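Observations on the three-dimensional arrangement
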Amino acid sequence: MDRGDRDAPLAAGECIRVRGLVQGVGFRPFVHALAQRLQLAGSVHNDSEGVLIHAAGEAAALEALVAAIRDQPPTLAHVVAIERAPWSAPPGLTTFAITPSPASAHGRHTAGVVPDARICDACAAEIDTPGERRHRYAFASCTCCGPRFSIIDAIPYDRPNTTMRDFALCAPCRSEYGSPADRRFHAQPIACPVCGPQLWLENAGGARGAADDPLTAAVEALRQGQILALKGLGGFHLACDAGNAAAVEALRTRKRRPAKPFALMAPDLDGIQKFCRVDAREAALLLSPAAPIVLLAWHQREGLAAAVAPNQALLGFMLPTTPLHHLLLKEFGGALVMTSGNVSGEPQVIDNAYAQRKLGGFADLFVMHDRRIARRLDDSVARVIGSETRLLRHARGYAPAPRSLPPGFAAAKPVLALGGEMKGAICLLRDNEALLSHHLGDLEEPLTYREFVRAIDDYAQLFDHRPRLLAADLHPAYRSSAFAEQAAAERALPLIRVQHHHAHIAAAMAERGWPRDGGSIVGIALDGIGYGADGTVWGGEILLCDYSDFTRMARLRPVPLPGGARAVTQPWRNLLAQLDAAFGPDGTAAYLPAVPGGAMLAAQQLNVLRQAMARGLNAPLSSSCGRLFDAVAAALGLSPAQLSFEGEAAMALEALASASADTARYSFGIDTSTTPWSIDPAPMWRALLDDLREGVPLADIAARFHFGLAEIFCDAAIKIAKAHDAQAIALGGGVFQNGLLLQACLNRLQDCALPVLSPAQIPANDGGLAYGQAIIAAARALV
């Protein structure tokens, strides 16, 4: 930029530091354009701390620059802080330029990394337009969309620090990259068919296909019922025609995934609305840059294979996330199954050669490309409940965006929290921010655990994180806890052990900005299982707590888990324990003929299990709410003898209940003379079984259970809050992924005159556990 009056002295100069998610979002071109318009001289560049601006000109112009940065940043940017200091411009400075990032950065890396973003409308229109240079090019992107976290190797976010360094720019791309008027001005993933990543096909034996047009050949294979392994943004997908029952069943058979719902992708919003009800909030979520899988009400079943989501009322749909997906779906013209490319339980595959080895038994054809993936990123999963987006899986499109800590944590020490065993994730605390990692998977699987260890090193290096505290779950057998113990010993760092359900509640508190000195709150933790402070298995709890400590005020009446861990995957075991606890063996026998799941239960070796429960042999006591859901599902005949995936029985129960218009609820008992109070399901069981005898529709029975559970826990929480002058009520734990239950609790609590802190962007399940652990560890260290 040339200032109009070269001889006029510059009125003022400032050095402006911008912190937050400001790299990889077109921030430097944005600042450059502002400087031109405001007639400022100086420069802007990325560095290890964010974006640094040197600007000189009229004082009013500098104020306008800062105001625009603060109030109107680029779409993908998130400005956390703007720091200003005087700067003396060199004599004769008349231009404003984007300058290279410093070759060596001094100090710590504190710049944020932007999540990957769905293909924007401009790039989609470009690749759809014949005659355009990037017509049908599968790797188009600009400053508003495309890969970010999945390709970055180091900060600052410049092309040499990404996997795009493998592709030298051609002259036209270099011209676009250097043109301030172009939307690809300083877009690091810029590429075209001449100089960028290339697409090709391989068969299941690894031989390259001869097709001149891999996309058209891939679409034809899908129409013929074949299964594709498709290399996407953060890993491979397995894809097939969602309307082809034989193809869907073949995918289930090959992947050994008998019942877990498949994710689906449609070419556009109309393609989703053909099958699902989509309200305005859900549509905005589908169309957002994050573009998660969104769980939607399934209203039209014709045109989709029933096996895409057996026994479900919801479908998980997403829109095309990359140009490759956009082109494939547009040409195919219908919905595709788009599920993670992995052996069930293992991490998603990201490497071409490894994909052939791991997915060769699943896929008929491979759609490959040569852009390396820096780290695997599963698709995020979200649901709109209570008019808010609720993340169920925190991954592509959301990770690794930082979150500001609540008031009172500015002096918190850097923390590394290791999460739990299921839905593994880690969390870093630094510089008054929390950074929750992408979903890593279940650590019981050795390859997933290896990915967990790799992620710890990856995040430490990328974000220059040097923890002074470690945090882990209380459970002595979690692999994450074992890692924490070893790391604490090797690094001579304090290790803070955090009770599982306290962490769930703290995660909801922190996400909602509850201050450290905000007083005590009452937390309703409804979960599967978590190691309790008394060494038993918890999961249906009401806690009185702050960030540092908690008291267990109420819980579900504990019953045995017959068979220990097997009770988690065989719901009939929980049904036996619940019925025996409510009625004794004779009462159970009397009720069984009326119970849809009674025949399955009667076929088991009940006497052996009862002896084990009586003696406490591999039958630990548990207050788990998740296992209560399993028992009710088993009673209604909704669960197989052996579950094929976590949450299968509970999801079927919610799906059944959602079909009911009944508003009645079952009553639970509560004993307030004990410490903690004991919430007894026996009255609920008696009413439920009586309804079965009377032929009440199963959907109504399922709904009455949901509403009764919400009522007893919410009413008890309100009483405890009033008795102890608590300042809010928080909700947490994996059972709150259940939309019907969460909405029932929100409705029940809306008139309690206290703020209700519920999970939203931080998953209610164990995917958010590390976030809660980190905030608790920080709070304890500040005491």
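The structure contained in this document is the topic of the report that follows. Quick caveat, the model's predicted, so the values are computed rather than measured.

As for the pairing of strand 25 (residues 550–556)
Where burial is concerned, most of strand 25 is hidden: six out of the seven residues are buried. Direction of pairing for strand 24 (residues 537–545) relative to strand 25: antiparallel, over a ladder of five bridges. The residue bridging C545 from the neighbouring strand is F550, located in strand 25. Here strand 24 folds back onto strand 25 in antiparallel fashion, the turn holding four residues.

Things to note about the packing of helix 11 (residues 446–462) against helix 12 (residues 479–491)
One can describe the packing of helix 11 onto helix 12 by two numbers: an axis separation of 12 Å at closest approach and a directional angle of 40°. Here the hand of the crossing between helix 11 and helix 12 comes out right-handed. Together, P446, Y449, F452, V453 and I456 of helix 11 and R479, S480, F483 and R491 of helix 12 make up the contact between the two elements. For the contact of helix 11 with helix 12, a count of residues per class yields six nonpolar, one polar and two charged.

Thoughts on the pattern of salt bridges
Enumeration according to the criterion identifies 38 salt bridges in this entry. Here R70 and D71 are joined by a salt bridge, their closest N and O atoms 3.0 Å apart. The salt bridge involving E451 is made with R376; its shortest N-O contact spans 2.5 Å. On the criterion of sequence distance, the pair formed by E451 in helix 11 and R376 in the loop between strand 14 (365–369) and strand 15 (381–385) is long-range, its members being 75 residues apart. One exposure class covers both E451 and R376, and it is buried. A single salt-bridge network, built from bridges that share partners, covers E126, R133, R134, E176, R183 and R184.

Quick word on unusual backbone geometry
Here the residue pair A399 and P400 is connected by a cis peptide bond, since its omega of 5° sits within 30 degrees of zero. For the bond running from T675 to P676, omega is 0°, close enough to zero to count as cis. A positive phi angle, near 50°, is found at K423, a position not held by glycine. Mapped onto the elements, K423 comes out in the loop between strand 18 (415–417) and strand 19 (427–430). Here the phi dihedral of D725 falls at roughly 55°; this positive angle occurs in a residue that is not glycine. Mapped onto the elements of the fold, D725 is located in the loop between helix 21 (698–723) and strand 30 (729–732). D725 gets classed as exposed once you look at its relative accessible area, which sits at 58%.

Some thoughts on the sheet that holds strand 22 (residues 495–498)
On the basis of which strands lie adjacent, the open sheet formed by six strands has the order 17-20-19-18-21-22 and mixed pairing. For this open sheet the edge positions go to strand 17 (403–404) and strand 22, each flanked by a neighbour on one side alone. Taken together, the four bridges between strand 21 (residues 469–473) and strand 22 define a ladder with parallel strand orientation. Paired with A472 across the two strands is R497, which belongs to strand 22.

Description of the side chain of E346
Here E346 shows up in the loop between strand 13 (336–340) and helix 10 (352–359). Excluding anything up to four places from it in sequence, E346 contacts K358, E445, L447 and T448.

What about the environment of D690?
Counting through the fold element by element, D690 comes out in helix 20 (residues 682–694). Using a relative accessible area of 29% as the deciding quantity, one classes D690 as partly exposed. Between the C-alpha atom of D690 and that of R277, which follows or precedes it by 413 residues, the distance is 35 Å.

So, the sheet that holds strand 3 (residues 50–57)
An order of 4-1-3-2-5 is seen for the five strands of this open sheet, with the pairing classed as mixed. Either end of the sheet is taken by a strand with one partner, and the two such strands are strand 4 (78–86) and strand 5 (96–98). Geometrically, the sheet is characterised by an average inter-axis angle of 15° between neighbouring strands, direction not taken into account. As judged from the three bridges shared by strand 2 (residues 41–47) and strand 5, these two strands associate in the parallel manner. When the sheet's bridge partners are listed, V44 is paired in strand 5 with I98. Across the face of the sheet, helix 1 (residues 27–38) comes into contact with strand 1 (12–21), strand 2, strand 3, strand 4 and strand 5 while running at roughly 170° to strand 5.

Comments concerning the nonpolar core
Core analysis: the biggest nonpolar cluster contains 76 residues, and W685, L688 and F705 have the highest contact counts within it. Those residues in contact with L688 that lie beyond four places of it in its chain are V632, L636, Y666 and I701. Counting residues in hydrophobic clusters, the runner-up holds 69 residues, among them A140, A221, L228 and L329.

About the cut-offs
Residues numbered from 1 in each chain as written. Predicted model: local features only at pLDDT ≥ 70, side-chain atom pairs only at ≥ 80, totals over all residues. Heavy atoms only, no water. Buried < 20%, exposed > 50% of the residue type's maximum accessible area, 1.4 Å probe, protein only. Helix = DSSP H or I, 4+ residues; strand = E, 2+ residues; numbered from the N terminus. Pairing = 2+ DSSP bridges. Axes fitted to C-alpha atoms, helices over the stretch in contact; angles between N-to-C directions. Left-handed = near helix turned anticlockwise from the far one by under 90°. Contact = heavy atoms within 4.5 Å. Nonpolar A, V, L, I, M, F, W, Y, C, P; charged D, E, K, R; others polar. Salt bridge = Lys/Arg side-chain N within 4 Å of Asp/Glu carboxyl O. Core = buried A, V, L, I, M, F, W, Y, C linked by side-chain atoms within 4.5 Å.

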